[in-house]
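# Report on the structure
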Amino acid sequence: MMKTKNLLKRGFTFLILLSLFTVLFQNLDVISSNGSEHSLNINLNFEMVENSINQGFYDNVDSIDVKLPSSSWNIEDIELNFTNIKDLGTQIESIENKSYSGKYYEIYFQNDNFNQRGLAVQIKLNESETLSGVYIYGKKEIRTTPKIIQVQIRGYDAVNDIPNNTLYLTMDINISDVEGWYLQAFPSTLTLPKGDYFLVLNGSNIIAPEDDRYHWYYNDIDPKYPSLLISQFIDTEIWTNGISNSPFLYKLIRETEVPVYPEDINMTIEIDNEYYEIQNGSSIGSGNLPLTALDFSPNSEQINLPVFYNNSGNLIFDVNYFLNTHNIFSSPASLTIKVNSTNEWIIRPSITRYSNNCSVKFYYPSKWENITIYRDLEDITNNVTIHPIENLLCIPNIAITDGAEWEIKAYSPNINFNINTIKTEFEVGEELAFSISPPVLPGNYTFQLIDPLGSIEFEIKKIIPPDDNVFSYDLPSGILEGNYIAYLYWNNQTDGGVQTQGFTITSVPVSTGSTPDFSLFLIIGIIVIAAAFIGFVGYTTLKKRETRGRKRLKLILEECTDVMNLKYIIVLDKKSGIDLYAESFEEKEFDLTLIAGYLQALHNFGTKVLGGTKDSRTIKLEYRGSILLMVEFVNLRIIIIMKENPSKNFLYSIESLAYDIYKNYGKLIDQFSGNLQPFRGMKDVVEKHLNISLLYPLQIVMPKKAELNQNEKEMIKRALDFMKQNKFNYFHTIYLLPENVCTPKDYEAILSLIKKGIFRPVE
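Figured I'd write up the structure that's included with this text. Small disclaimer: the values here were computed from a predicted structure and weren't measured. (Residues numbered from 1 in each chain as written. Predicted model: local features only at pLDDT ≥ 70, side-chain atom pairs only at ≥ 80, totals over all residues. Heavy atoms only, no water.)

Closest axis-to-axis distance for the helix α6 (residues 710-726)/helix α7 (residues 744-755) pair is 9 Å, and the angle between their directions is 80°. If you check the angle between α6 and α7, you find them roughly perpendicular. Contacts from Asn711, Glu712, Met715, Ile716 and Arg718 of α6 reach α7 at Lys745, Asp746, Ala749, Ile750, Ser752 and Leu753. Grouping the amino acids of the contact of α6 with α7 by side-chain chemistry returns five nonpolar, two polar and four charged. (Axes fitted to C-alpha atoms, helices over the stretch in contact; angles between N-to-C directions. Helix = DSSP H or I, 4+ residues; strand = E, 2+ residues; numbered from the N terminus. Parallel < 35°, antiparallel > 145°, perpendicular 65-115°, else oblique. Contact = heavy atoms within 4.5 Å. Nonpolar A, V, L, I, M, F, W, Y, C, P; charged D, E, K, R; others polar.)

One finds Leu566, Ile569, Ile640, Ile661, Leu690, Ile692 and Phe759 to be the most contacted residues of the largest nonpolar core, which totals 59 residues. With 10 residues, the top contributor of residues to this core is helix α4 (residues 648-670). Core analysis: the second largest hydrophobic core is formed by 35 residues, Val339, Ile347, Ile485 and Val498 among them. (Core = buried A, V, L, I, M, F, W, Y, C linked by side-chain atoms within 4.5 Å. Buried < 20%, exposed > 50% of the residue type's maximum accessible area, 1.4 Å probe, protein only.)

The strand order across the open sheet built from three strands is β27-β29-β32, with neighbouring strands paired in antiparallel fashion. Whereas interior strands pair on both sides, the edge strands pair on one side only; in this sheet they are β27 (419-420) and β32 (470-474). Where strand β29 (residues 431-436) meets β32, five bridges bridge the pair, whose relative direction is antiparallel. Bridge pairing in β32 places glutamate 431 opposite aspartate 474. Strands β29 and β32 of the sheet are contacted by α4, whose axis makes an angle of about 55° with β29. (Pairing = 2+ DSSP bridges.)

A contiguous nonpolar surface patch, about 230 Å² in accessible area, is contributed by Phe728, Tyr730 and Val762. Within the secondary structure, phenylalanine 728 sits in the loop between α6 and α7. For phenylalanine 728, a relative accessible area of 36% puts it in the partly exposed group. (Patch = residues over 30% accessible without salt bridge, like charges linked within 9 Å, V, L, I, M, F, W, Y side chains within 5 Å. Areas by Shrake-Rupley, 256 points an atom, 1.4 Å probe, with all protein chains shown as cover. Salt bridge = Lys/Arg side-chain N within 4 Å of Asp/Glu carboxyl O.)

The structure is reproduced here in structure tokens:
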């Protein structure tokens, strides 16, 4: 007995302390609801620009190559100054033209004693020259075996006047079976010093009578240069001594260097797929090109700027180049958003000097103010140029120190946006939800729900778009009751803002009136309960269990009755009035357009609001013996027609349904253009909240293995007996309920069989 009394005393003391802590927690709730101490720190990246000047000189080139600090640098301005611009043209000199008697020497193979597999003619250069090709006059005699011989330029054996083994060029011959001039274009230009050489047709691969033969015509009538020698490689496998007065017909293609004005040859340079004309300089062979605000991104450390012109030859030049380059780099930063305060921005760039002409620019947002720049924690704002009109901050070359730590600090005003709520009071187990009122600011959103003790109960982040603008949280069973504060933070790269919304969370149905302060009543109640606790602990426990049981039975009966009372469900797009989803549960038709318009008119004129809060958008009226409900949320409207008045919990269910539909389909409704295909899945959302499968014609599909309780087995037997007696292959739920009245046992059994897929809607 003594132990029991001690236990009761301890219990009474505990309850008194608990009541005092509850009162204190309510006071803490009031303090934290102010929210001024709450803030959010967000990590960001900012783009900054560093500038550098590159300059240099190239001589005797035909294009311009420039090296940048890295592949991320861009060219902003270019200045090019050209000198010694020379046109490397071509000149064709006819050494021996077509004045002949039709005679030719032949490269052929008859047998070991009769063959000639090489022909050569002397080239005499009076000065150093660059050659790009030759023409020869001849033809090919096509035989059974195709053969390609070589065109060569060889050295000169001055002792025997024959070709020697020094090879300057070799290439396949270009010739056909039609007599004429044939161009032998060299793979690349060939520069030869002053002296004598031989132009050779090398047919060493002609080794059989069936091989192709080659003819090279000569002038033995009135040669232009009769002193030029020719030689033959005959069956003795040696070159014959050179003979004169009958040189082979050929022409030399010489390269020339002529100073030119760039505009005379339409000289242009290609930069970023654009062509720019080089302007004439003060003297022939000079020119220049100034380009500003180019912003060329080569994406390479080494860039090539090719030069073009309209002459057939090549072009070489000397050039001085001056490049103003910049690099856009990402700098880590942070944003701190505070309630009832300005936003604080901090940027921490890493700056490296690349040249002696280096600077850093940062275009800051127009709403930023009170900008301060620190280098190694020292305020150097006075050494930095700030242009408030251009919103430009420039760190000059003189202020940049390698290895320094930098920090740029600024402030911006809090940007306003609005939170849209249907209600602000929720029960444990419900879904707390709200949305952002249009127009919605695009950017990053962070939702934090702060409990009565000031701790974060829930947090979620969204990017809008593509995410929807509904924020929700399923309130768990163990959550603290009391006043909560929702903080919704928003930011983009230049601005930030925060809005708050208070919510009340209870474990009992929400009162329709204002919420009084229960502190005094709570203390009195605790004392009464403590007194009663001594004698009536067991009785109280039993009554609580009975109350919870009655409440649960009541809820089940209300759910079943509400579902059986459903006649129509319509989900409309508010803008167009088009029904995105509609479901009828009886044969009688309604004029949906008339009903929707009538409900909207009543809503606009202030019909009594249901749902218990001033924020509710649910209206109800009686129309032709039916109960009509309408819920609006953002861009959608739900109309429900029932046979009788619904329960209060049903009103909560359709408000939650509105939230859920907007969460899943809000963006599609915003962009709705008449296509209903994307809304076919809306039926599953309705089923989740209202269990409308109970109203469909159902069939039985038994799996091979199914775990069933006794109530479920009895319900399956009822359905089978009904279909057998009436010779139906389907049944309605109402047929399985005795006297068409819901009981918790039957309702739960049917719902369970539907969820298990045993009772399935007839397709």
